[in-house]
Amino acid sequence: MAPHDPDAHYVSDSPYDPEAERQLIERKDLDYATWVLVWRRFLKNRLAVLSGIFLLAIYIQLPFIDFLSPYSHTVRDDDHLNAPPQPVGIFDGGFIVTYPMTETLDMQTLQRVYTADYDNPQPLRWFASCGAPYSFLGIWESDNHLVCPPEGGTFYPFGTDRLGRDMLSRLMHSARLSLTIGLIGVAISFAIGMVVGGIAGYFGGWVDAIVQRAIEVIRSLPELPIWLALSAAIPAHWGPEAVFFVISIILGLLDWPGLARAVRSKFLALREEEYVRAAELMGASTARIIAAHMMPNFMSHLVASATLSIPAMILGETALSFLGLGLRPPAVSWGLMLNDALTLGQGAITITPWVLWPLAPVILVVLAYNFLGDGIRDALDPYS
Amino acid sequence: MRVTPLLRVEGLSVCFGAGAGAMEVVKGVDLTLRRGESLAIVGESGSGKTVTGKAILRILPRAARITAGRAVLTGAGGKEVDLFGLSEPRMRAIRGGRIAMIFQEPMSSLSPLHTVGNQVAEALRLHRKKSGAEGRRICLETFAEVGFPDPERAWSAYPFELSGGLRQRAMIAMAMVCRPDLVIADEPTTALDVTTQAQVLDLMRRLQTGTGMSMIMITHDLGVVANMADSVLVMRRGEVVESGPTRVILTDPGHGYTRALIAAAPKIPECMSGGLGEVRDPILWARNLSKTYPGRISGLGKQAAPVQAVQDVEIVIGRGETLAVVGESGSGKSTVARLLLRAEDPDPGAEIGFRGRDGETQDVATMTRARLKAFRRRVQIVFQDPYSSLSPRMSVLDILTEPLEVHGLGTRAERRQRAAELMEKVGLSPAHLGRFPHAFSGGQRQRICIARALALDPEMIVCDEPTSALDVSVQAQVLDLLKGLRKEMGLSYLFISHDLTVVAELADRVAVMRRGRIVEQAPAKLLFENPRHPYTIALIAASPEPDVNRRLDLAAVARGAGDPECWPEPFGYRGHQAPPLHEIEPGHYVSCAA
């Protein structure tokens, strides 16, 4: 190629048609409703999608826990106290088999020692009837289970606790309370946060100042002692359901300041957007502006913040129950199961480590919520 | 070919992204720059002009890659180096040392935590190994050179203490302090007010001829090109569509796109038409219009002094006419628009009157809610930023039918029909109704904004800098559209702008604002042909035109661009004691001491 001469007048022969240009669509890739773009961007985040599927799967299970779990969470087996996880085999005279365990007492340490009899595989029963009848979704009574322990045998793949209750079934039943308490708590804090934050953001001025100071005061209170004080005030004779609701309200009451702040700041930011001003200047009412222009734009942000605050609730419930101030037996939650471990003291870790199983679902669920929340938050602005 | 080229770029191509999704944003650009000359790269947003400049310095964003080409820099001794083949440490020595860059946004290009002196001295220390007293001496000399009134103060000032113009001077000082062979300036004056821009351009030109350095000026403004460049490279969609000496390109453009650009550049027409004298049939008027914002409350009960954004403004907009309010940022021009629309309440004592087609006079300042809603139907607004003025969640159809829904007009089918009509009216295909705003370019979005403003069939539209976020050629199209609509629908406009030349063809009357006051107001013809106020004269003189024979008149800019204290008698004033407006010929008012 000849060297470029700066004095030459070069004219390219590329075409130029201003009329066609005016109709040309510049960013076809952005020509979709916001939620479609958000959804597409969210799908690109593998970890968040996986977490979402995981959470969805376990929430869908909740109503069918009675059917899915091999035992009820209250049934006790005096022959298997503090039994370790029972060995399980595959295709050993059946699809899935368990090997019966026999208990002996070690006379030197006074520990129960369980030995499995590998010569005597017992196949699990599928879709069979066993145990006490339960009420399925409150519609009909049933004693059908997805999987039942072998005839005359046991099925304790995660071991049993000190009362001889199946850890696996208890973990599954615990999910009901532990997982829903987060949702109810967030719903409560969402409602308070929206109203308070919305008022602060909409009215501004001294209303805003008062709300802000109140939030600062609430946020400066140490959380755990307040929880303790509030839950200690629940009368001892209340039933487990009442305690459950009060606990979730307590958790919600202490969590709203963060959401209120998010609502307020988003409100203030959106009020300055020119499309909101344009709506004002076309004569739209305040209600319409908030409902049609502001809500859709800040709801998605709130969903992300709410998703990120559910794990704090789950952890809060776990902590309270662990300390014996949350839910009360016969209710069962992961925190309560850990509270059982507490009564065993050090032995929980050295002798019966399987009672610490509830930590696993807590960690998994909290991580999944965090990944999901981060994924939603990152997908929210598809135009950047 | 007396002079050897300093920089030769051959076949430069830059890609964004990798693999199948890769987008070529610069396609085989050639350019040659001789020592001591300046080259302008002209193009609109997305043309690849900034990427080209950054590629030469190899400071492209992470996603971008140079896929082909060479950039040969010739040293003083005739030694040639290919910038794209250099190792990163050697490239660092060239960046800032032999090639320096001036960025568009001086505030974000300077570190807020270090003094200006500190930052300029750093470049010197890194590239010329000069620090301590000698470094300081050289910095202070450079500060004086780039026109800091007090170099000592500039040395110890933080960027936020300086005005926009001074900050850009600090950037220039930082680029100049090492005496580079080449300065790449990326839209160095776009963020500045017109009068400041003129002064900065003049400074850059003087520095260039004084030091014999070369310059690449990246700009979208052909007026800047005419004033600054020896040769021009016109870029469009990553390709060079035309290149050559400035005079040839501006007087005899070869490519259709270049011709369109030159035609689109706003200029003051040789002979102005338009009405003279007073407004005969006013549609909207205001008297004693003031707006005071309370000072910001900081800490416990401490309050800063209140800010007077608008003071004693009196304007009249005639039916079917356009009143342009022109002023630099912070002059209060947008506040006037918001007050007239009652988007904000004016200070007590203001009178805002509106008389619509029905002939009934209404007092806008004291209107009730219900009447205000009816008023909103008749006076609409188009905003500056086409990106934030359309809700990203609504389709174009929703956006255009919303005003009708708010006022409960028509059935669903009728509203849809109306939206299609509106799209055609603003020159877009009704087939785009189902699309979402983000799919459109800035100009198309501004057309949608105009369509939305027209939806209610208003009598008047307030245009708040509707074209300042757009490319020049798009700006011209939008102005043409507004002009056509005015004629077709009998609209009246209040047109807010920071650029006098933009309004020259559209406005019937012009009010020039400075510091919340009107300094001169007249029919457009009188204002452009017989400007009296030094500030107006400065604004007219400061706007660069794409005409190599009409360069900026800096003496005129200097007289009027400063603070009111520096204006000559009888215009100057101190504090808030502005002289009143005097009528010097029919309809022509100037703020001066009698």
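Here, the structure is the one placed above.
Residues numbered from 1 in each chain as written. Chains lettered and ligands numbered in written order. Predicted model: local features only at pLDDT ≥ 70, side-chain atom pairs only at ≥ 80, totals over all residues. Heavy atoms only, no water.

> So what's going on with the sheet that holds strand β4 (residues 64-74) of chain B? Residues and values would help.
Residues and elements named next belong to chain B. With antiparallel pairing, 4 strands are arranged side by side in an open sheet as β2-β1-β4-β5. With partners counted over all chains shown, the strands left at the sheet margins are β2 (23-34) and β5 (80-82), one partner each. Across the sheet, the axes of successive neighbouring strands diverge by a mean angle of 5 degrees, strand direction being ignored. (Pairing = 2+ DSSP bridges. Helix = DSSP H or I, 4+ residues; strand = E, 2+ residues; numbered from the N terminus. Axes fitted to C-alpha atoms, helices over the stretch in contact; angles between N-to-C directions.)

> Pulling in residues and values, what's your account of the packing of helix α4 (residues 116-128) of chain B against helix α5 (residues 132-145) of chain B?
All names here are of chain B. Orientation of α4 relative to α5, taken along the N-to-C sense of each, is 115 degrees, at an axis distance of 10 Å. Here α5 runs roughly perpendicular to α4, going by the angle between their axes. With respect to the hand of their crossing, α4 and α5 are arranged in right-handed fashion. Contacts between α4 and α5 involve Val116, Gly117, Val120, Ala121 and Leu124 from the former and Gly135, Ile138, Cys139 and Phe143 from the latter. Here the contact of α4 with α5 is built from residues that sort into 7 nonpolar, 2 polar and no charged. (Parallel < 35°, antiparallel > 145°, perpendicular 65-115°, else oblique. Left-handed = near helix turned anticlockwise from the far one by under 90°. Contact = heavy atoms within 4.5 Å. Nonpolar A, V, L, I, M, F, W, Y, C, P; charged D, E, K, R; others polar.)

> Now, about the pattern of salt bridges: what can you tell me, with residues and values included?
Residue and element names in this part refer to chain B. Counted according to the given criterion, the structure contains 41 salt bridges over all chains. With a closest N to O distance of 3.0 Å, Glu145 and Arg179 form a salt bridge. Separated by 34 residues along the polypeptide, Glu145 in helix α5 and Arg179 in the loop between α7 (164-176) and β7 (182-186) bring together distant segments of the chain. Lys333 is paired through a salt bridge with Glu465; the nearest N and O atoms lie 3.4 Å apart. Placement of Lys333 in helix α12 (residues 333-340) and of Glu465 in the loop between β19 (460-464) and α17 (472-489) is noted, with a sequence separation of 132 residues between them. The exposure class of Lys333 is buried, given its relative accessible area of 5%. A network of salt bridges, in which partner residues are shared, links Arg8, Glu10, Arg70 and Glu80. (Salt bridge = Lys/Arg side-chain N within 4 Å of Asp/Glu carboxyl O. Buried < 20%, exposed > 50% of the residue type's maximum accessible area, 1.4 Å probe, protein only.)

> Quick one: what's the story with the interface of chain A and chain B, residue by residue and with numbers?
With 43 residues of chain A at the contact, the number on the chain B side is 61 residues. Linking chain A to chain B there are 2 salt bridges. With a closest N to O distance of 3.1 Å, Arg288 of chain A and Glu402 of chain B form a salt bridge. Elements with a contribution of two residues or more to the side of chain A that touches chain B: β1 (10-11), α1 (18-23), α9 (274-281) and α10 (286-322) of chain A. Classifying every residue of the side of chain A that touches chain B by side-chain character gives 19 nonpolar, 11 polar and 13 charged. As defined by bridge partners, β1 of chain A adjoins strand β10 (residues 239-245) of chain B across 2 bridges and the pair is classed as antiparallel. Pairing of Val11 of chain A across the sheet is with Glu242 of chain B, part of β10 of chain B.

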